[in-house]
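Reading the structure
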Amino acid sequence: MLEIKTTSPEETSAFGKCLAKILSAGKVVCLVGDLGAGKTLLVQGLAEGLGIADSVHSPTFTILNVYEGGFPVYHFDLYRLENADELFDIGFYEYTEADGLAIIEWADKFPKELPDEYLWIEIRSNVEKNEGSVEDRVLQVRALGATYEQLCEELKQTCQFLR
């Protein structure tokens, strides 16, 4: 597991840009954290790092936003879904196995429905522990599967936050 600490929204976004350098089509990134933790901010940085010109926002009500860059990015927000059956309705399984990058906010709602391998990023505020400022975040990155373990190694080499 990798642990990254950011002290501002700009740093959280910058981590997303850094993460974009190691991601490619066919990968899955799961994001977990409380409301306002910075999941969408991280996705905005990631999208910028991938060269996506579209305005990126959380698909809270639409459930899925698709962005076009060098490859498609499928940005899910599962917050409003009540049960796993609804994942079929939105094409979740097709998109997570497709030729693009799948980013899943609130992935912890349906853990049994996730692909076998993925990158898991949990974002927490240090304020919960009475440490740091309201903008401080701790990002815990875990790899599930050999491909994602390699990505974590690449992330260590690429990202200044880990030095």
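Residues numbered from 1 in each chain as written. Predicted model: local features only at pLDDT ≥ 70, side-chain atom pairs only at ≥ 80, totals over all residues. Heavy atoms only, no water.

**Looking at unusual backbone geometry**
- Positive phi outside glycine occurs at I63, with the angle close to 75°.
- Relative to the helices and strands, I63 is located in the loop between α2 (39–49) and β3 (64–68).
- One non-glycine residue, W106, adopts positive backbone phi at about 65°.
- If you trace the backbone, W106 turns up in the loop between β5 (101–105) and β6 (118–125). (Helix = DSSP H or I, 4+ residues; strand = E, 2+ residues; numbered from the N terminus.)

**Section: the pairing of β6**
- Among the 8 residues that make up β6, 7 are buried, leaving the element largely enclosed by the rest of the structure.
- In the sheet, strand β2 (residues 28–32) pairs with β6 via 4 bridges, with the strands oriented parallel. Bridge assignment links L31 to a residue of β6, and that residue is I121.
- Here β6 runs beside strand β7 (residues 137–144); their pairing, made up of 8 bridges, is antiparallel. Paired with L119 across the two strands is A143, which belongs to β7. (Buried < 20%, exposed > 50% of the residue type's maximum accessible area, 1.4 Å probe, protein only. Pairing = 2+ DSSP bridges.)

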